[in-house]
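Observations on the model geometry
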Amino acid sequence: EGLMATDSVWKWAFLLALLLVVAGVALLRHRSGCPFRIGQVLGSALMFGLLGPPLGGLMLGLGVLVIESGSRGIGLLLFLMLASYLLGLVPAVAGGLCAGLLRPLIGGWARVVVVAWLCALTSTLFGLAIFGLKGTPLLLLLGGLSGLVLEAAWLAGQCLRAWRDGKSENRGQSGVLGIF
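Cut-offs applied
- Residues numbered from 1 in each chain as written.
- Predicted model: local features only at pLDDT ≥ 70, side-chain atom pairs only at ≥ 80, totals over all residues.
- Heavy atoms only, no water.
- Helix = DSSP H or I, 4+ residues; strand = E, 2+ residues; numbered from the N terminus.
- Buried < 20%, exposed > 50% of the residue type's maximum accessible area, 1.4 Å probe, protein only.
- Areas by Shrake-Rupley, 256 points an atom, 1.4 Å probe, with all protein chains shown as cover.
- Salt bridge = Lys/Arg side-chain N within 4 Å of Asp/Glu carboxyl O.
- Core = buried A, V, L, I, M, F, W, Y, C linked by side-chain atoms within 4.5 Å.
- Axes fitted to C-alpha atoms, helices over the stretch in contact; angles between N-to-C directions.
- Parallel < 35°, antiparallel > 145°, perpendicular 65-115°, else oblique.
- Left-handed = near helix turned anticlockwise from the far one by under 90°.
- Contact = heavy atoms within 4.5 Å.
- Nonpolar A, V, L, I, M, F, W, Y, C, P; charged D, E, K, R; others polar.
- Expected span 1.5 Å × (residues − 1).
- Phe/Tyr/Trp six-rings, centres within 6.5 Å; stacked < 30°, edge-to-face > 60°.
- Lys NZ or Arg CZ within 6 Å of the ring centre and 35° of its normal.

Bringing the overall build of the protein chain into the picture now. Within the protein chain, the secondary structure is distributed over five helices and zero strands. Taken from N to C terminus, the helices and strands of the protein chain fall in the order α-α-α-α-α. Sorting the 180 residues of the protein chain into buried and exposed places 37% on the buried side. Accessible surface for the protein chain amounts to roughly 10,400 Å². Of this, 75% is attributable to carbon and sulfur atoms.

Here you go:
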């Protein structure tokens, strides 16, 4: 009984740590003095929440396709992409919140790397809270890769918009913190 209580305390501690990551990024944003637009932050959380879990499921499923080919392999891939919401929604939304808060502060590819690490961290903390140590390295990898792909796509979209609008000086713009 004492071991279960300790296990429960650790799970709650990891969930609290997940919230503290988001709160810490929000505090960094607040202290920067950069204007805060809730719609942009929530839009980022929505995008990461909708696209992040199936992206992680796709990455996991590609390994399944190597082992299991044909219609059964495709069925397993689709199942993994849909089931990924069960485990990936909370950390993906948390990572998306962090990404939305950080975009004005850190520019370019440095932001992509920071967001990837934050997504890996939120996935790992959520995995530790739910599973303990089992599966944690896989969640770290899938969360980080999903965050990297999504933020790189966001940055590419920004660069394409700047190029289309003829604002080439904004393509490599650094954020408020001066990090390229």
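Turning our attention to the pattern of salt bridges. Applying the stated criterion to the full structure yields three salt bridges. Close ionic contact of D165 with R164 constitutes a salt bridge, the shortest N to O distance being 3.4 Å. Here R164 falls in the exposed class, since its relative accessible area comes to 59%.

Moving on, we get to the nonpolar core. Counting 16 residues, the largest nonpolar core has V25, C98, L102 and L118 as the members making the most contacts within it. Mapped onto this core, the elements with two or more residues apiece are α1 (2–32), α3 (70–102) and α4 (108–131).

Let us now look at the packing of α3 against α4. Where α3 contacts α4, the axes come no closer than 9 Å and their chain directions differ by 150°. Comparing the axis directions of α3 and α4 gives the class roughly antiparallel. You can see that α3 and α4 cross each other, and the crossing is right-handed. On the side of α3, the interface is formed by L87, V90, P91, A94, G95, C98, A99 and L102, while α4 contributes R111, V114, V115, L118, C119, T122, S123, F126 and F131. Among the residues making up the contact of α3 with α4, the classes are represented as 13 nonpolar, three polar and one charged.

Once that is clear, we can look at helix α5 (residues 136–164). With 29 residues, α5 extends 42 Å between its outermost C-alpha atoms, agreeing within 8% with the 42 Å of an ideal straight helix rising 1.5 Å per residue. Three or more residues of α5 are buried, namely T136, L139, L142, G143, G144, S146, G147, L150, E151, A152, L155 and A162. Tucked into the core, α5 has its buried residues touching α2 (38–67), α3 and α4. Phi turns positive one or two residues past the end of α5, at G166, with a value near 75°.

Turning to the packing of aromatic side chains, a few remarks are in order. In this description, an aromatic ring pair is defined by two values, namely the gap between the centres and the angle between the planes. Within the structure shown, the criterion is met by zero aromatic pairs. The ring of W154 has R103 lying over it, and the distance from NZ or CZ to the ring centre is 3.5 Å.

All right, on to the environment of L58 then. Looking at the secondary structure, you find L58 in helix α2. Look at L58 and you get partly exposed, because its relative accessible area is 30%. Filtering out sequence-adjacent residues up to four positions away, L58 remains in contact with L77 and M81.

Below, the discussion takes up the side chain of S123. Along the chain, S123 turns up in helix α4. Discounting residues that sit within four places of it in the chain, S123 has contacts with P91, L139 and G143.

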